[in-house]
Amino acid sequence: MKLFGKIDKIYSVGLRFVVLDGFDRLPDKRAILARDIIIDYCANATLPKKFFRLRFFVDPGGPIAIGSELPPCAWVGINSVYSEDKWTVHFDTGYIDGTNENAHDKPGSLPIPQVIDHELTHLLHERKSKKLKNMNKKLDRLEKHPSTYAIGKRGALSYWRNRLAIFIYNIQLEGLADYISNLNADKLIFDYSCWKEIHRRAESASKSVNKAWQYMLRTAEDDSSEARELEDILKHDAYIIGLHVVFTLVLTGTDEEDILNWSDLKMIKTYEKACDKMKIIPVISISSRGIVSYKNMVADLKKKYNSQ
Ligand SMILES: [Zn+2]
């Protein structure tokens, strides 16, 4: 079946279906290159076998996150009202056609299979987790806020509480997705030096979270530049902290599938116990013992916004 140019729209791979959408936006050569990589990946990789039907959509309108000028390489529309989005990976057009600086074939950028593994982990997670939908709605609402401090003291308290909850949630969401995609791309090795390097990066990320947090607590409410910086750090550092948390859990005997079924809080509490076994200070904790402590941060917020 040929719906446009040289690229078919629907491919059957084994007993499963792969739908390519929006590829007519790409120059022919780019479209064929991307198609070959995707179809080969779907035929051979493990994760796509968990989906009966998968759609890859070259999307002209990526979500631009607060604090960044570029849309992500890819995303999944978990919150979408369209049911086909339940099995769709959206690609940023520039990532596929080479115009985005993160394009898949530029040096140092992420290859297409690794990006798909990351997004498919989110889709799998979404199937299992009821909380995900609510968290994403919360996130959508926050993204629409024009300014943190235009919302008064009570507004700011609940704003930061929500931001924190999303940070904790992203540690699970992005940690799992980065763990699976790095593992499949052979970028994680089960030895001490690999674990240690990720631990070191997660430690430094959690220290920068703390620093930005303290800075935010000290600033006046009409100064939002520190708040923006903190938002960026919370968003960005959840990936490496999460990767470290998931890697540590798996190394100490937790099954990846279990983590997919757990709540974010349960994951981090179990990680705290894993840190006891490894005799390290948790990088993140729900209790007050980690370098970044959810409990202490919530207490900080109450102190700042209830005492003024
Ligand atoms: Zn992600």
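See above for the structure.
In this text, all values refer to a predicted model and were calculated from it rather than measured experimentally.

Let us look at the overall build of the chain. A count of helical and extended segments in the chain gives 10 helices and 7 strands. Taken over 308 residues, the chain has a buried fraction of 35%. Put simply, of all contacts in the chain between residues at least 6 apart along the chain, 65% involve residues at least 24 apart.

Two elements in contact, helix H7 (residues 225-251) and helix H9 (residues 264-278), have axes separated by 9 Å at closest approach and are oriented at 60°. What the angle tells us is that H7 and H9 run oblique. Where H7 crosses over H9, the handedness of that crossing is left-handed. Along the contact surface, H7 presents Val245, Thr248 and Leu249, while H9 presents Met267, Ile268, Thr270, Tyr271, Ala274 and Met278. Of the residues that constitute the contact of H7 with H9, the class distribution is 7 nonpolar, 2 polar and no charged.

The next point concerns the nonpolar core. Core analysis: the largest hydrophobic core is formed by 43 residues, its most contacted members being Ile171, Leu176, Ile241, Val245, Val246, Ile268 and Ile284. Contributing elements (two or more residues each) for this core: helix H5 (152-184), helix H6 (192-218), H7, H9 and helix H10 (294-306). If near-sequence neighbours (up to four positions away) are discounted, Ile241 is found in contact with Ile171, Ala202, Ala205, Ser206, Val283 and Ile284. Of all hydrophobic cores here, the second largest spans 26 residues; its members include Ile38, Leu54, Tyr95 and Val115.

Let us look at the sheet that holds strand S4 (residues 74-75). With mixed pairing, the 5 strands of this open sheet are ordered in space as S1-S2-S3-S5-S4. Where the open sheet ends on each side, the last strands, each with one partner, are strand S1 (10-13) and S4. Sheet strands in contact with helix H1 (residues 28-44) are S1, strand S2 (16-21) and strand S3 (53-59), and its direction is about 30° off that of S1.

We now examine the environment of Asp232. Summarising the element assignment, Asp232 is placed in helix H7. In sequence terms Asp232 and Ala212 are 20 residues apart; their C-alpha atoms lie 9.8 Å from each other.

Between H6 and H7, whose axes approach to 8 Å, the crossing angle comes to 150°. One way to sum up the angle between H6 and H7 is to call them roughly antiparallel. Helix-helix and strand crossings are classified by hand; for H6 and H7 the assignment is left-handed. Among the residues making up the contact of H6 with H7, the classes are represented as 18 nonpolar, 4 polar and 4 charged.

Definitions and cut-offs
- Residues numbered from 1 in each chain as written.
- Predicted model: local features only at pLDDT ≥ 70, side-chain atom pairs only at ≥ 80, totals over all residues.
- Helix = DSSP H or I, 4+ residues; strand = E, 2+ residues; numbered from the N terminus.
- Buried ≥ 20, exposed ≤ 12 C-beta atoms within 10 Å, placed from the backbone.
- Contact = placed C-beta atoms within 7 Å.
- Axes fitted to C-alpha atoms, helices over the stretch in contact; angles between N-to-C directions.
- Parallel < 35°, antiparallel > 145°, perpendicular 65-115°, else oblique.
- Left-handed = near helix turned anticlockwise from the far one by under 90°.
- Nonpolar A, V, L, I, M, F, W, Y, C, P; charged D, E, K, R; others polar.
- Core = buried A, V, L, I, M, F, W, Y, C linked by C-beta atoms within 7 Å.
- Pairing = 2+ DSSP bridges.

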